[in-house]
Amino acid sequence: MKIEMSYLLLAFATAMAQGQSTPPQPKITGVLTILAPKPGVTPEQVMKIMPAEIRATVPLYLDGKIQQWFTRGDGRGVIFILNCKDVAEARALIGSLPLSQANLMDEQFIPVGPLLPLGILLRDTNNK
């Protein structure tokens, strides 16, 4: 949350410095997806479906839809970086997976894109 607020403040300050009334919106290049078992879901329920989940996710990785995948450090689920143009596409992709179809997972979808403040470096270089 602290990083997100810092980024928002920096983007807002950048927009104000450029004379814009609202911060620029980033180009969405992917969706960070965080999946964790819903409260009350047992490891046994997840493991029963896990072979089908793996068979469904590997082709998505090989097709380039899953750019990166990680196990959460707390052991409570996974994180995918999906090559999707928006959250709706990511929801549809995750919704097709067995654990989601069984309604066992809490899902978070965060659109991501290039870091906007880096444009300041290019602008400053071009003005010299």
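Everything below is about the structure printed above this text.
Small disclaimer: the values here were computed from a predicted structure and weren't measured.

Along helix H3 (residues 87-95), the residues that are buried comprise Glu 89, Ala 90, Leu 93 and Ile 94. Taken around the axis of H3, the buried residues stretch over an arc of 130 degrees, which confines them to a single face. In H3, the exposed residues that point more than 90 degrees away from the buried face are Ala 88 and Ala 92. Next to the buried residues of H3 lie strand E1 (30-37), helix H2 (43-62), strand E3 (78-82), helix H4 (98-101) and strand E4 (105-112). With a side-chain oxygen lying 3.3 Å from the backbone nitrogen of Ala 88, the N-terminal cap of H3 falls on Asp 86.

Further remarks concern the packing of aromatic side chains. Taken as a whole and assessed by the stated rule, the structure comprises two aromatic pairs. Aromatic side chains Trp 69 and Phe 80 sit 6.1 Å apart centroid to centroid with 40 degrees between the ring planes, which places their arrangement in the tilted category. In this pair, Trp 69 is assigned in strand E2 (residues 66-71) and Phe 80 in strand E3, connecting sequence segments eleven residues apart. The exposure class of Trp 69 is partly exposed, given its relative accessible area of 35%.

In spatial order, the strands read E2-E3-E1-E4; together these four strands make up an open sheet with antiparallel pairing. The sheet is open, and its two borders are formed by E2 and E4, each paired with just one other strand. Strand-to-strand twist of the sheet, defined as the mean angle between neighbouring strand axes without regard to direction, takes the value 15 degrees. Summarising the sheet, E1 and E3 pair through five bridges and their orientation is antiparallel. Its bridge partner lying in E3, Leu 35 is registered against Val 78. Contacting E1, E2 and E3, H2 crosses the sheet at an angle of about 150 degrees to E2. Of the strands in this sheet, E1, E3 and E4 are in contact with H3, which crosses E4 at around 150 degrees.

The rules behind these values
Residues numbered from 1 in each chain as written. Predicted model: local features only at pLDDT ≥ 70, side-chain atom pairs only at ≥ 80, totals over all residues. Heavy atoms only, no water. Buried < 20%, exposed > 50% of the residue type's maximum accessible area, 1.4 Å probe, protein only. Helix = DSSP H or I, 4+ residues; strand = E, 2+ residues; numbered from the N terminus. Arc of directions from axis to C-beta. Contact = heavy atoms within 4.5 Å. Polar contact = N/O pair within 3.5 Å; in protein donor to acceptor, adjacent residues only side chain to side chain. Phe/Tyr/Trp six-rings, centres within 6.5 Å; stacked < 30°, edge-to-face > 60°. Pairing = 2+ DSSP bridges. Axes fitted to C-alpha atoms, helices over the stretch in contact; angles between N-to-C directions.

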